[in-house]
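Next come the chains, spelled out residue by residue.
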Amino acid sequence: MYHVLVSDPISEEGLLPLINHDSVTCDQMPIEAAEQSLELYDALLIRSGTKVTDNLLKKMPNLKIIARAGVGVDNIDIEAATRRGVIVINAPDGNTISTAEHTIAMIASLVRNIPQATRSVKDGIWDRSRFTGMELNGKTLGIIGMGRIGTEISKRAKAFGIKVNVYDPYLTKERGEKLGVASVSFNDLLESSDIITVHTPLTKETKGLLGFDSIPRTKKGVWLINCARGGIIDEEALYHFIKTGHVAGAALDVFETEPPKKNKLLELDEVITTPHIGASTKEAQLNVAAQVADEVLDCLQG
Ligand code: NAD
């Protein structure tokens, strides 16, 4: 019998093949609640909530696989897992469309002040002149990171009449041409974009990619979007350049610390935000759960 621990909320419907499998016992509870029986488990299924540290792995000597229902694996100490012979997998495709759609929704909401206007109307204020927005048609969107999500955003942006420039050092010329996007240098993207959205992983190279050095090289009045990982846009720099008026506004689904605590960005009207819900749709949750359930079964059964 294989013991599986699901320590973050993951779609039960998607996990059914695992839950109903004859040779699997599946416990669904937070890691703290499973503290007494950690040594039992063969597989650990998580989202972004569970922090898989070397210390946790030490308490799970039987563990063979960690499955992240979603993309980002920055909450897992991959080096420690590898050293202990534990396989780490994720479900990279399942939430691509949801996150791309959320990013488009954030862009549209940001440039038309929709959250601020909603609040104003609900407060009994009917002020039509305060919320003059910007049309997307004819504008240039700079996409940093042309992977799964960046690609889906580029397709949707084109339907708005937006010109798409892309910076991704790993994008081949052929793939760029096939996708119908202009592959440009980082500097050209900064200088040419009315809106910049980041869709890279958070790495040493991408941490603070938009920061004190690079934001001044953008157009005055640029809009910045981060629905990828907190820290790719440096929060201190973002605050500074919104205050100086260089950045018109920002839409953030993610933060350097989540949930954000005493974060000055939350005091700014120019910042709209959601609580890391880019992938939070029924469809995406079902997709990623089904994908990891399949992969965990394959792995356990050899
Ligand atoms: P992906 O791996 O398909 O694409 C990432 C792209 O970034 C790749 O094309 C890669 O070449 C590029 N890249 C890497 N380093 C770069 C650099 N220094 N400069 C420019 N480009 C660089 O990933 P994805 O599935 O498209 O996910 C993108 C991001 O979105 C990840 O950070 C992921 O964690 C995040 N994400 C967030 C949510 C959410 O809920 N907000 C949901 C899913 C994914």
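Residues numbered from 1 in each chain as written. Predicted model: local features only at pLDDT ≥ 70, side-chain atom pairs only at ≥ 80, totals over all residues. Heavy atoms only, no water.

Undergrad: Quick question: what am I supposed to make of the side chain of Gln116 here?
TA: You can see Gln116 is positioned in helix H5 (residues 114–122). If we ignore the near neighbours within four places in the chain, the residues touching Gln116 are Phe131, Asp269 and Ile272. (Helix = DSSP H or I, 4+ residues; strand = E, 2+ residues; numbered from the N terminus. Contact = heavy atoms within 4.5 Å.)

Undergrad: I keep staring at unusual backbone geometry and nothing clicks. Help me out?
TA: Leaving glycine aside, a negative phi is the common case for residues, and trans is the common case for peptide bonds. Residues Glu258 and Pro259 are joined by a peptide bond in cis, for which omega reads -5 degrees. Position of Pro259 relative to the elements: it lies in the loop between strand S11 (247–252) and strand S12 (271–273). The phi torsion at Asn113 lies on the positive side, around 55 degrees, for a residue other than glycine. Positionally, Asn113 belongs in the loop between helix H4 (96–111) and H5.

Undergrad: Even after reading the chapter, I still don't get the sheet that holds strand S10 (residues 222–226), so can you show me in this structure?
TA: One key point about sheets: their strands pair by backbone hydrogen bonds, in either a parallel or an antiparallel sense. Ordered in space as S8-S7-S6-S9-S10-S11-S12, the seven strands form an open sheet in which the pairing is parallel. What marks the edges here is a single partner per strand, and that holds for strand S8 (182–183) and S12. Examined bridge by bridge, S11 and S12 share three bridges and lie parallel to one another. Residue pairing in the sheet places Ala251 in a bridge with Ile272 of S12. Running over the sheet, helix H6 (residues 148–159) touches strand S6 (140–144) and strand S7 (163–167) and is turned about 170 degrees from S6. (Pairing = 2+ DSSP bridges. Axes fitted to C-alpha atoms, helices over the stretch in contact; angles between N-to-C directions.)

Undergrad: What should I look at first to understand the pattern of salt bridges in this one?
TA: Side chains that differ in charge, positive against negative, can pair when their charged atoms come close. Tallied over the full model, the rule gives eleven salt bridges. Across the pair Lys59 and Glu35 runs a salt bridge whose closest N-O atoms are separated by 3.1 Å. Taken together, the residues Lys59 in the loop between helix H2 (54–58) and strand S4 (65–68) and Glu35 in the loop between strand S2 (24–28) and strand S3 (43–46) connect sequence positions 24 residues apart. The class of Lys59 is partly exposed, set by a relative accessible area of 35%. (Salt bridge = Lys/Arg side-chain N within 4 Å of Asp/Glu carboxyl O. Buried < 20%, exposed > 50% of the residue type's maximum accessible area, 1.4 Å probe, protein only.)

Undergrad: Help me understand the packing of helix H1 (residues 12–19) against helix H10 (residues 282–300), please; the structure alone is not making it clear to me.
TA: Packed helices, taken two at a time, are described by their axes: the angle between them and the distance between them. Direction vectors running N to C along H1 and H10 enclose 15 degrees, while the axes themselves pass 7 Å from each other. Relative to H10, the element H1 lies roughly parallel. Considering only the axes of H1 and H10, their crossing is right-handed. Counted together, Glu13, Gly14, Leu15, Pro17 and Leu18 of H1 and Leu286, Ala289, Ala290, Ala293, Val296 and Leu297 of H10 form the full contact between these two elements. Looking at side-chain class alone, the contact of H1 with H10 contains nine nonpolar, one polar and one charged residues. (Parallel < 35°, antiparallel > 145°, perpendicular 65-115°, else oblique. Left-handed = near helix turned anticlockwise from the far one by under 90°. Nonpolar A, V, L, I, M, F, W, Y, C, P; charged D, E, K, R; others polar.)

Undergrad: Which parts of the structure should I look at to understand the pairing of S7?
TA: The side chains of a regular strand alternate between the sheet's two faces. The pairing of S6 with S7 spans five bridges and is parallel. Counterpart to Thr140 in the pairing with S7 is Lys163. Alignment of S7 against S8, held across two bridges, turns out to be parallel. Bridge assignment links Val166 to a residue of S8, and that residue is Ser183. After leaving S7, the chain enters helix H7 (residues 173–179) and then returns to the sheet as S8, a path that is right-handed. (Right-handed = clockwise from strand over helix to strand, strands pointing away.)

Undergrad: In this structure, what is going on with the site of the ligand? I would like to understand it.
TA: Surrounding the ligand, one finds 25 residues, the nearest of these being Arg148, Ile149, Asp168, Thr200 and Asp253. Residue Gly147 places a main-chain N or O atom 3.3 Å away from an oxygen atom belonging to the ligand. Take Arg148: an N or O atom from its main chain is 2.9 Å from an oxygen atom of the ligand. Bound to the protein, the ligand loses 87% of the 870 Å² it would expose on its own. For the shell around the ligand, the per-class residue count stands at eleven nonpolar, ten polar and four charged. (Near = heavy atom within 4 Å. Polar contact = N/O pair within 3.5 Å; in protein donor to acceptor, adjacent residues only side chain to side chain. Areas by Shrake-Rupley, 256 points an atom, 1.4 Å probe, with all protein chains shown as cover.)

Undergrad: Please explain empty space enclosed by the protein as it appears in this structure.
TA: To find leftover empty space, a probe the size of one water molecule is rolled over the atoms. What the rule picks out here adds up to one cavity of 30 Å³ or more. Within this model, the largest cavity holds a volume of roughly 40 Å³. As for the largest cavity, its lining consists of Ile104, Ile107, Leu136, Leu141, Phe160 and Ile162. Of the residues belonging to the lining of the largest cavity, the class tally is six nonpolar, no polar and no charged. (1 Å grid on protein atoms, 1.4 Å probe; cavity = no way out; pocket = protein on both sides within 12 Å on 5 of 7 lines; lining within 4 Å. Points joined across faces, edges and corners; volume = space filled by probe spheres on them.)

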